[in-house]
Amino acid sequence: YSKVKHLLKDLDELMEAVLERILGPELSHVNATRALNLTLWNHMPLVFINEQNPHHPVVLDLFEDNYNGSASSTPAPGRTCSAHGCKVAMRLCSHNGTTCNFRNFSSATQAVTEWYTLQATNIFAQVPNKELVAMGYPAEQLILACLFGAEPCTYRNFTPIFNPDYGNCYIFNWGMKEKALPSANPGDDFGLKLILDVGQEDYVPFLTSTAGARLMLHEQMSYPFIKEEGIFAMSGMETSIGVLVDKLERKGEPYSQCTVNGSDVPIRNLYSDYNTTYSIQ
């Protein structure tokens, strides 16, 4: 967070004002004079939807009475919105603003979390990958100790890649360029042992409510789709993970439309350099 907070300054101030407006609207007038940059907000705001009258729902911007750039969060007379009669939604409009859709959420917590994540993703997407890598945790800071097959290893045995969701990720024994290391015996004494420092004190405050490591076992020379297939290991705990490999091979014609390697699928394979294939599903 210490390296990216200058990018998130306006968004974090908006987030604090949003939380004040949702959690304590009767007290939010205390910070009513605080100036906010509403550029991000106007592009994709959160709104209250008052459904006390289901035939005539009322949509109210959280900063409805804000005309001059200051975050006056006190609702206008007659425009109050109680928690029981309202839902929080995200308003998504076309470029010219003529057509808008509302994404409703089951809870205000989910609404503000997804809103912040989407806004932060848009901000980070404008930063070159090389700079994003420098803003993440380096391998030597994350990997404190390493053992494989009872032999010592270091962070230098890991190959770095950048993941859009998790930032800097590190692959052990990938086999892309270096010689693959064999593992001849089962059991935790012969597997990979790591001591990791997750750096929880420097997490981005509103981006996640959890701390830990995201892990995944995958074939050598294949790309790790860690968001879809990874598992979590808690911080502050010793975690032992046993693995049993189960390979599923789908038959092609005449049993299905599955292809041998996806080469006849008319879509560019973005991960072809990593020995990863597509199939028709």
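Residues numbered from 1 in each chain as written. Predicted model: local features only at pLDDT ≥ 70, side-chain atom pairs only at ≥ 80, totals over all residues. Heavy atoms only, no water.

Focus on the overall build of the chain
So, step 1. The secondary structure content of the chain amounts to six helices and 11 strands.
So, step 2. When the 281 residues of the chain are sorted by exposure, 29% land in the buried category.
So, step 3. Of the contacts made within the chain by residues no fewer than 6 positions apart, 58% connect residues no fewer than 24 positions apart.
So, step 4. Roughly 19,200 Å² of accessible area belongs to the chain as shown, and the carbon and sulfur atoms make up 54% of that amount. (Helix = DSSP H or I, 4+ residues; strand = E, 2+ residues; numbered from the N terminus. Buried < 20%, exposed > 50% of the residue type's maximum accessible area, 1.4 Å probe, protein only. Contact = heavy atoms within 4.5 Å. Areas by Shrake-Rupley, 256 points an atom, 1.4 Å probe, with all protein chains shown as cover.)

Topic: the packing of aromatic side chains
So, step 1. Inspection of every chain in the model, using the stated rule, returns nine aromatic pairs.
So, step 2. Between the aromatic rings of Trp 174 and Tyr 274, the centroid separation amounts to 5.6 Å while the plane-to-plane angle is 15°, which identifies the pairing as stacked. Taken together, the positions of Trp 174 in the loop between strand 8 (167-172) and strand 9 (192-196) and Tyr 274 in the segment after strand 11 (231-234) put the pair 100 residues apart, joining distant regions of the chain.
So, step 3. Trp 174 gets classed as buried once you look at its relative accessible area, which sits at 4%.
So, step 4. Consider the rings of Tyr 223 and Tyr 274, whose centres lie 5.0 Å apart with planes at 50°: the pair is tilted. Here the residue Tyr 223 occupies a position in the loop between strand 10 (212-215) and helix 6 (226-229), and Tyr 274 occupies one in the segment after strand 11, the gap between them amounting to 51 residues.
So, step 5. Through a chain of ring-to-ring contacts, three or more aromatic side chains come together here, namely Trp 174, Tyr 223, Phe 225, Tyr 271 and Tyr 274. (Phe/Tyr/Trp six-rings, centres within 6.5 Å; stacked < 30°, edge-to-face > 60°.)

Side note on the sheet that holds strand 9
So, step 1. Sheet architecture is open: three strands sit in the order 6-5-9, paired in antiparallel fashion. Each edge of the open sheet carries a strand with a single partner, namely strand 6 (151-153) and strand 9. With strand direction ignored, the average angle separating the axes of adjacent strands in the sheet is 20°.
So, step 2. Pairing of strand 5 (residues 143-148) with strand 9, which is carried by five bridges, proceeds in the antiparallel orientation. (Pairing = 2+ DSSP bridges. Axes fitted to C-alpha atoms, helices over the stretch in contact; angles between N-to-C directions.)

What to know about the pattern of salt bridges
So, step 1. A full pass over the atoms with the stated rule returns five salt bridges.
So, step 2. Here Lys 9 ties to Glu 13 by a salt bridge, and the two come within 3.2 Å at their closest N and O atoms. Remark: Glu 13 and Lys 9 occur in helix 1 (residues 9-23); sequence separation between them is four residues, near one turn of the helix.
So, step 3. The exposure class assigned to Glu 13 is partly exposed, which follows from its relative accessible area of 24%.
So, step 4. One salt bridge connects Glu 114 with Arg 103, and the closest N-O pair in it is separated by 3.5 Å. One end of the pair, Glu 114, is in helix 3 (residues 108-124); the other, Arg 103, is in strand 4 (residues 100-104), and 11 residues separate them in sequence.
So, step 5. Given a relative accessible area of 30%, Glu 114 falls into the partly exposed group.
So, step 6. Under the relative-accessibility criterion, Arg 103 is labelled partly exposed at 39%. (Salt bridge = Lys/Arg side-chain N within 4 Å of Asp/Glu carboxyl O.)

A few points about the nonpolar core
So, step 1. Among the nonpolar cores identified, the biggest contains 31 residues, and Leu 8, Val 18, Trp 41, Leu 46, Phe 63, Trp 115 and Tyr 116 are the most heavily contacted of them.
So, step 2. Where this core is concerned, the elements lending two or more residues are helix 1, strand 1 (46-50), strand 3 (86-93) and helix 3.
So, step 3. The dominant element in this core, judged by the number of residues it contributes, is helix 3, at seven residues.
So, step 4. Contacts of Leu 46, omitting those with residues within four sequence positions, involve Val 18, Trp 41, Asp 61, Leu 62, Val 88, Ala 89, Met 90, Ala 111, Val 112 and Trp 115.
So, step 5. Residues Ala 139, Cys 146, Phe 148 and Phe 172 belong to the second largest nonpolar core, which totals eight residues. (Core = buried A, V, L, I, M, F, W, Y, C linked by side-chain atoms within 4.5 Å.)

Considering the confidence of the model for the chain
So, step 1. In the predicted model, the chain carries a mean pLDDT of 82, and the fraction of residues at 70 or more is 86%.
So, step 2. Of the regions scoring below 50 in pLDDT, residues 66-79 engages in 30 contacts with residues more than four places distant in sequence or in other chains. (pLDDT = per-residue confidence, 0-100.)

Quick word on the state of the cysteines
So, step 1. As enumerated under the stated definition, the model contains two disulfides in all.
So, step 2. Linked covalently through their sulfurs, Cys 93 and Cys 100 form a disulfide whose S-S length is 1.9 Å. Since a negative S-S torsion denotes a left-handed disulfide, the Cys 93-Cys 100 link at about 105° is right-handed.
So, step 3. A residue is classified by how much of its surface remains accessible, and Cys 93, at 36% relative accessible area, is partly exposed. (Disulfide = S-S within 2.5 Å.)

Focus: a nonpolar patch on the surface
So, step 1. The grouping of Leu 217, Ile 231, Ile 241, Val 243 and Val 245 at the surface amounts to a nonpolar patch, some 500 Å² of accessible area in total.
So, step 2. The topology assignment puts Ile 241 in the segment after strand 11.
So, step 3. The class of Ile 241 is partly exposed, set by a relative accessible area of 41%. (Patch = residues over 30% accessible without salt bridge, like charges linked within 9 Å, V, L, I, M, F, W, Y side chains within 5 Å.)

Quick notes on the side chain of Asp 61
So, step 1. Structurally, the position occupied by Asp 61 is in strand 2 (residues 58-61).
So, step 2. Among the residues examined, Asp 61 registers a relative accessible area of 12% and is labelled buried.
So, step 3. A polar contact is formed between the side chain of Asp 61 and the side chain of Trp 41, at a distance of 3.1 Å.
So, step 4. Those residues in contact with Asp 61 that lie beyond four places of it in its chain are Trp 41, Pro 45, Leu 46, Val 47 and Arg 91. (Polar contact = N/O pair within 3.5 Å; in protein donor to acceptor, adjacent residues only side chain to side chain.)

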